[in-house]
Amino acid sequence: MPSTERLLVVENLKVWFPVRRSLADIIRGRRLYVRAVDGVSFTISRGEIFCLAGESGCGKTTTGKAVLRLIDPDFIRDGRVLFRPSDEGLKIVKSYDPGAVEGEFVNVYKVSDKRALKVLRKEMQVVFQDPFGSLNPRYRIRQILEEPLIIHGVKDQGERLKRVYEALEAVKLVPPEEFMNRYPHQLSGGQRQRVAIARALILNPSFIVADEPVSMLDVSIRAEILEILLSLRDQYSISIMFITHDLALAKHICDTLAIMYLGKIVEIGPAEKVIDEPKHPYTKALIAAIPEPDPRNRLKVREVPIKGEVPSAINIPAGCRFRPRCVAYDSASRDVRSLCESREPGLFRVGDRHYVSCWLYGGRSTPNPRP
Amino acid sequence: MSAAEILREIWRCWTGRIALILLIIQLCLAVWVVVSTDYAALSRKYLDETAWLGEYPRAVPPCWAVPHHADIIQLKLNTSTMKPEIVEKRQVGRYTRYVVKWSYQFEYKGHALPSDTLLLLVVKRLPDLKAYKLEVKLLRPDNSTVAILAKTPITKEYVVVVGIGGAKGKPKPVALNTLPSDDPVYRSIVDSVSPLIGDEKLLTELGPGKLLWAGRGGKALLGTYEISVVASFYVKGQPSSDTNLSKYTSVYLEMQTLGNCYGLMGTDSVGRPIELGILIGLPWSFVISFYVTFLTTMIGGFYGILAAFASGWRAELLMRIADTVYSIPLLPILIVVVIVTRSYSIWLILTTMVALLWVGPVVVVRSMALQIKSQPYIEAAKAIGASNARILFRYVLPQILPYLVALMVLGIPDPIIIEAALAFLGLSDPTVPTWGKMLEWAWKEHAVLNGWWWSFLFPGLALTVFCATFLMLGRALEPIVAPKLKSR
Amino acid sequence: MRWIISKLLTIPIVLLVVILILVSLTSSILDQIMMKQIEIEIRRSVITNPQYANLPMEQKMKIAERMKEELIKALGLDKPWYVKVFMYAYSLLTFKPIYARVLTTRIIDPGSPNAYLIVLERIPFTVVLFTTSAIITLCLAIPLGLLAARKPGGLIDKIISAWSIFSISMPWWWVAMVMIWLFCYEWRIFPGPEHETDWANPISVAQRAALPVITVVMMSTGVVAYRIRSILLDILTEDFITTARAKGLPERMILRRYVLRVAAPPIVTIVLLSIVLSIVSGAIITEAVFNWYGIGLLFWDAVVANDIPVVLVLVYISTLLYLLTRFALDILYTYLDPRIRRA
Ligand SMILES: Nc1ncnc2c1ncn2[C@@H]1O[C@H](COP(=O)(O)OP(=O)(O)OP(=O)(O)O)[C@@H](O)[C@H]1O
Ligand code: SF4
Ligand SMILES: [Mg+2]
């Protein structure tokens, strides 16, 4: 279960990718950006499973990568990412890159020293969606798993082998010797994803970003992989940022759920709360679109309360970015509508640790960004 | 994929099999030439036009292309070891006049004329002989007589009458057809054959070296020939019964017919065997093509990867530079470089080629590297803290390397063909025997006009086979090593 | 648009680079050429000038010496080399006349030693030879490529593959030698290259053109057909073709309606590009073998005569032509291919 100790703090993170401009744009001096992430704030505590959900293209993967500093710092438009490393890690960062240390935290994008960066690389890990692409096809499993150890200076061959064994056992690829000398193409998708998890695990990280780790797998093996991931939290109290677009799954595994729309978090709160009592019109639409678990109701045509198409992340609508698709806007009062059109809503508190970015809930209280 | 697996894959398709066999043959030949001969001396000799006089027939076709072969006659007559026939011995005043004849009979059996005849005639005489005259005649099967040397006074003690090289060194025989047409030997032979042949055009066409053996219509005369050397002179004193005349004079005559064909591929206009030239050119073909393609693919490949991993204006700049170099036309620049620096050094030529050809692989390699770069496992490598260099050398390069090898193999023909073009313009290294240079020689000697097809056909074919080997190999290799690249 | 502009910008850059390479390589030779021109000028205006006829020789020499110095200054020959490089580059860019050492013109203003004229009068012959061949090549190669692509691995495909390999492996000018030997001397079908031709008379030019055109067509058709085959095969495996097949359209209609439309731009570009490339590759030397009065023969003539001013101008002009035609091709390609225009 999550502790109250904060492990990761993201404040107003913006990731903008510049778009190749046409000549006319160059002449007009106009710069265009894909605003993939456009002001995102959240915190993750030690041992917490934090879910990020939303439509395809809303910026989930970009957020995940940005947190891990896998995005070129040139593209980070604004905001900070603070990560709290282990005590020895903090000491190393302090000695090589004191400018990046803020209290117990390290400002991820201020780290410039390679050795300090290595501390972050060791303690923050990632599991990608695609189990076919994320393993180097030319390496044997053993080489793939040894690679992080070699990079992080584990010189002793026996020690490395031992840790490879342990990691393979932890992801239930047993007996390890049977898998170690295979190439990725000799494994099934589920087995490959386990190798990817083992690779993330082998450096004993305290934080893992899992980017849709099961969406490309057969339904039958998803449960096993999820189980392995959850057991990591229980055993090592690793925090996991779980990216998904499957809300039913999110409810099942997360502590906190954040819903993203077009680069921004529109609703965030305890998973059951967000799913059982959704507040934001977009969340409501998403939940209405979850397939009905009850077979008797399957054939009933349900109305999904949303309209239109996802706008491009280059031309984000002014005011509330959801307005062109919002059905609540149509029936809202005149005051709210004028707010919707003119100003971006902040995050408004609607319950215990539950915040929504919608003017419908912002009338009374003042905008109150989550700490 | 391991090298053995790749080889097996190549062997599976028939073009690959042919290419591999041809490659092995050519490699073995090249190694054999370099190892088993004094390669440097041999190529120096091959490049020296004057070194081949009399060694082989000049401008003759390969033997398999000639229906009738000429007879190879080789005579070495030294009168001091021969029994003379004393034609005349009489006293004239205080002197005795001698007319002495040495003769030798031989058969000419070939049904074709030789391409030329080599002749060496050296005379030694005592200084106190008077009015020494020498005559060399050829009595032919049709009973006609050809005067090779009309009665000629010899005044010095030692004279090379026909041949190259004089007082110093050993004299060498001369090919009769290379004599100028006003040479007495030339005139004498042509004049004595002309009533038989009749046709004035045929006379100049065949030349004395062939006319010696030619009958009516320019056909070869078969049968018994007799060559005779007749010396006449006066010796002070009474005629004696002494038959040992070699104390007065001795004549050395060497005669050799050059065949009307040579070997597998004939000879060029100065008598160099074409097959030898092809063998000598082979190692250089390997050197030229491998030097250039190895450097260009390595530089271009590395540059392409660099351009893929650079970002922003750096990537833009790198591609602009490559684009600019790509647009520089190669041959004109090469011509200017060679002409202007007056350095015909092969290394200058090859290095200039490298300087302009390295852009070849850049675009393809860059797009490949971009594709690899976007693979999730590269992102994963970054996430575990792999440095850029490590990603480049351990992840990207091993993927691209096999493809670079295929590119290299496919690029082998270019430098050879370009070098040949330069050679054809006369701009090649004078110390390097290449096939292109053989083609240039053939062209300059009007081989096409003269119908000496062997002297340009075979070097060109050698070039074609060499290039085609690598193209076939490359085409067999490409689908094996190239990951499927979507264009655009 | 952005793409065209950037391509357009490459032309002057490349040209500048090439000119700077040329000029810095040749600057010492250009110096000599200029000096020679000065000497000729002086001889004309001093030594053989009747005005000075009755001056003593010494005086004449003095005047000549002074004039020489003045001219050297005026022409900037006393400047350091890096200044001269830009000077010469400028005079090349502005097409200032350069005089050949040996060669002269034969058609335009016969007998003129102007190197630009010498090059210019030959360009039409090269253009005629290679464009005629290109048109014929295209007519032959497209059906062949289609046939080969229809049955990959079939007999026609194999023939074209082998043909293209051999075409790349052979120097074209060597093939020209073989062709001349066979057709002109062995079989006596065409007039040989030594035949006198009136280069101003189109009919005799056409007679002379037959064998060169046949040779070039023979050498380029295989390569072009093979490229066409590869392009077609690439397109045939794309999704929209599979969709069209799934819809049950007849194969011929798919080829005509879908494949050819997409394949046309790259095919046209490849054929034209191969012609343009032949101007600056060894293929041009084919002309020298056929004694065809074009640029390739001029390369040979100029190199054999060691006429460096002509070589210089020739390289400059052919680079210019090459760059301009490549640019035109790029534009044509953009115009033909809707996919690029949108991007
Ligand atoms: N390197 C990049 N350069 C330019 N645009 C990018 C880049 N990476 C992502 N984007 C754009 O940013 C937006 C967000 O992409 P992202 O991959 O984060 O979405 P996602 O929520 O993970 O979608 P999915 O559920 O499909 O994985 C998209 O519009 C994408 O095209
Ligand atoms: S702010 Fe307005 S437009 Fe936006 S979601 Fe709420 S109601 Fe809809
Ligand atoms: Mg994603």
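If you're wondering where the values come from, they're calculated on a predicted model, not measured in any experiment. Per chain, residues are indexed from 1 in the order of the written sequence. Chain letters and ligand numbers both follow the written order, the letters beginning at A and the numbers at 1. Only residues with pLDDT of at least 70 are given local features in this predicted model, and only at 80 or more are side-chain atom pairs given and counted; all residues enter the totals for whole chains, interfaces and linings. Only hydrogens and water are removed before side-chain values are computed, so all heavy atoms of the structure are retained for them.

## Quick word on the packing of aromatic side chains
All names here are of chain B. Two aromatic rings, drawn from Phe, Tyr or Trp (for Trp, its six-membered ring), form a pair once their centres lie within 6.5 Å of each other, and the interplanar angle then sorts them: stacked below 30 degrees, edge-to-face above 60, tilted otherwise. Inspection of the entire model under this criterion finds 50 aromatic pairs over all chains. Ring centres of tyrosine 108 and tryptophan 213 lie 5.2 Å apart, and the angle between their planes is 20 degrees; this geometry places the pair in the stacked category. You can see tyrosine 108 sitting in strand S3 (residues 95-108) and its partner tryptophan 213 sitting in the loop between helix H6 (208-211) and strand S9 (223-236), a full 105 residues away along the chain. Whether a residue is buried, partly exposed or exposed follows from its accessible area with a 1.4 Å probe, protein chains only, as a fraction of its type maximum: under 20%, in between, or over 50%, in that order. According to the relative accessible area criterion, tyrosine 108 is buried, its value standing at 0%. In this structure tryptophan 213 comes out as buried when scored by relative accessible area, which is 0%. Ring geometry for phenylalanine 286 versus phenylalanine 466: centroids 5.0 Å apart, planes at 80 degrees, classification edge-to-face. Of the two residues, phenylalanine 286 sits in helix H7 (residues 274-309) while phenylalanine 466 sits in helix H17 (residues 453-481), which places them 180 residues apart along the sequence. Phenylalanine 466 matches phenylalanine 286 in its accessibility class, with the two residues each being buried. Numbering of helices and strands runs from the N terminus; a helix is a DSSP stretch of H or I covering at least four residues, while a strand is a stretch of E covering at least two.

## Details of the sheet that holds strand S1 (residues 6-18) of chain A
Only strands joined by at least two bridges in the DSSP assignment are considered to pair. What the five strands build is an open sheet, ordered S2-S1-S4-S6-S5 (chain A); its pairing is antiparallel. Bordering the open sheet on either side are strand S2 (33-45) and strand S5 (101-102) of chain A, each of which pairs with just one other strand.

## Section: the side chain of lysine 437 of chain B
Residue and element names in this part refer to chain B. Within the secondary structure, lysine 437 is located in helix H15 (residues 435-444). Positive charges come from Lys and Arg, negative ones from Asp and Glu, while His and the chain ends are left out of the count. Each salt bridge in this description consists of a side-chain nitrogen of Lys or Arg and a carboxyl oxygen of Asp or Glu lying within 4 Å of one another. Buried and without a salt bridge, lysine 437 has aspartate 429 as its closest oppositely charged side chain, separated by 5.7 Å. As used in this structure description, the phrase polar contact means that two N or O atoms lie within 3.5 Å; if the pair is within protein, one of them must be able to donate a hydrogen and the other to accept it, and residues adjacent in sequence are counted only when both atoms belong to side chains. A polar side-chain atom of lysine 437 sits 2.8 Å from the main-chain carbonyl oxygen of valine 432. Only heavy atoms enter the contact rule, under which two residues are in contact if any of them lie within 4.5 Å. For lysine 437, the contacting residues outside a window of four places in its chain are Leu47, Ala423, Ser428, Asp429, Pro430 and Val432.

## Things to note about the interface of chain C and chain B
Taken together, the contact pairs 56 residues of chain C with 46 residues of chain B. The term buried area denotes the loss of accessible surface (1.4 Å probe radius) that occurs when two parts are joined, taken as the sum for both partners. Buried surface at the junction of chain C and chain B, both sides included, amounts to about 4600 Å², of which 75% is carbon and sulfur. Looking at the side of chain C facing chain B, the largest losses of area belong to Trp174, Trp181 and Trp300 of chain C, adding up to 14% of the total buried there. The interface formed by chain C and chain B holds zero salt bridges in total. Secondary structure elements with two or more residues in the side of chain C that touches chain B: helix H1 (2-47), helix H6 (155-169), helix H7 (172-186), helix H8 (202-236), helix H11 (286-290), helix H12 (295-304), helix H13 (308-336) and helix H14 (338-342) of chain C. Element by element, the count of residues in the side of chain C that touches chain B is highest for H1 of chain C, at 13 residues. Looking at the side of chain C that touches chain B residue by residue, the class counts come to 36 nonpolar, eleven polar and nine charged. Polar here means any residue other than Ala, Val, Leu, Ile, Met, Phe, Trp, Tyr, Cys and Pro, which are nonpolar, and Asp, Glu, Lys and Arg, which are charged; Gly is therefore polar.

## Here's the deal with the site of ligand 1
All names here are of chain A. Close contacts around ligand 1 come from Phe17, Val34, Ala36, Glu55, Ser56, Gly57, Cys58, Gly59, Lys60, Thr61, Thr62 and Glu212, and that covers them all. The contact in question runs from an oxygen atom of ligand 1 to an N or O atom on the backbone of glycine 57, over 2.7 Å. At 2.8 Å, a side-chain N or O of lysine 60 approaches an oxygen atom of ligand 1. The method behind every accessible area is Shrake-Rupley, applied with a 1.4 Å probe, and residues are considered shielded solely by the protein chains displayed. In isolation ligand 1 exposes 630 Å². Once the protein is present, 60% of that is buried. Counting only elements with at least two residues in the shell around ligand 1, the list comes to S2 and helix H2 (60-67). Note on terminology: near, applied to a residue and a molecule or strand, indicates that one of the residue's heavy atoms is within 4 Å of it.

## Some words on the site of ligand 2
By nearness alone, every residue bordering ligand 2 is listed as His280, Pro281, Cys320, Phe322, Arg323, Cys326, Tyr329, Cys340, Cys358, Trp359 and Leu360 of chain A. Across the shell around ligand 2, the residue classes break down as nine nonpolar, one polar and one charged.

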